[in-house]
Amino acid sequence: MSTDLQWLLIRKYNSFLVKKVPEGPIFSREPGNLLNLHSHKYSGLANAKTIDIQSSESGLQITTRKSKASPHAVRPARSTASVRNRSGGRRTLGVVASVAKSGYRPDLRAAALGRSSALLAAQKEKKASPPKKVRGKKAAASIA
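Residues numbered from 1 in each chain as written. Predicted model: local features only at pLDDT ≥ 70, side-chain atom pairs only at ≥ 80, totals over all residues. Heavy atoms only, no water.

1. Some words on helix α2 (residues 89–101)
Okay, so step 1: A rise of 1.5 Å per residue sets the reference length of α2, with its 13 residues, at 18 Å; its end C-alpha atoms lie 18 Å apart and thus fit the reference within 8%.
Okay, so step 2: Every buried residue belonging to α2 is among Thr92, Val96, Ala97 and Ala100, and all of these are buried. Relative to the axis of α2, the buried residues are bounded by an arc of 130 degrees and lie together on one face. When the buried face of α2 is taken as reference, the exposed residues oriented beyond 90 degrees from it are Arg90, Arg91 and Lys101.
Okay, so step 3: Along its buried surface, α2 packs onto β3 (51–55), β4 (59–65), β5 (78–84) and α3 (109–123). (Helix = DSSP H or I, 4+ residues; strand = E, 2+ residues; numbered from the N terminus. Expected span 1.5 Å × (residues − 1). Buried < 20%, exposed > 50% of the residue type's maximum accessible area, 1.4 Å probe, protein only. Arc of directions from axis to C-beta. Contact = heavy atoms within 4.5 Å.)

2. Focus on the side chain of threonine 50
Okay, so step 1: For threonine 50, the location among the structural elements is in the loop between β2 (27–28) and β3.
Okay, so step 2: In this structure threonine 50 comes out as buried when scored by relative accessible area, which is 4%.
Okay, so step 3: Apart from residues lying up to four places away in sequence, threonine 50 is in contact with Gly32, Ser43, Gly44, Thr63, Thr64, Arg65, Arg78 and Tyr104.

3. A short note on the nonpolar core
Okay, so step 1: By size, the foremost hydrophobic cluster in this structure holds 17 residues, and its most contacted members are Leu34, Ile51, Ile53, Ile62, Val96, Leu108 and Ala112.
Okay, so step 2: Those elements giving two or more residues to this core turn out to be β3, β4, α2 and α3.
Okay, so step 3: Per-element tally for this core: the top contributor is α3, with 5 residues.
Okay, so step 4: Non-local contacts of isoleucine 53, meaning those with residues more than four positions away in its chain, are made with Leu34, Gln61, Ile62, Val96, Ala112, Arg115, Ser116 and Leu119. (Core = buried A, V, L, I, M, F, W, Y, C linked by side-chain atoms within 4.5 Å.)

If you want it as structure tokens, here you go:
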């Protein structure tokens, strides 16, 4: 079945649609959708080649769907690359860019980089805020 026909079938009704505002944007929670936008370009269900980036305990997992796999295969036709947390942001972005750019889906490169950098920022531990300094009359009162 062609990807255009699949999109026409799942475009209006599927379990991953998120419609919050009647006239606002329509989002999608489907796996493989990098921007979570409901469109044919970013759809993880209707496209033969998809890139999925997820956060895991050990780092980031980059999953791509193999396009030439047999539909009768026993295992799912996916390849997974993992990047550890301690590898750093530049290495992670390089791995993601090379997966997207290597003839797989170069049009999704910017979206993949954006998603991976957002997940890396969310995984970082936040610094503790310094204690507030007492100023003005309260500072003078505490000294005296």
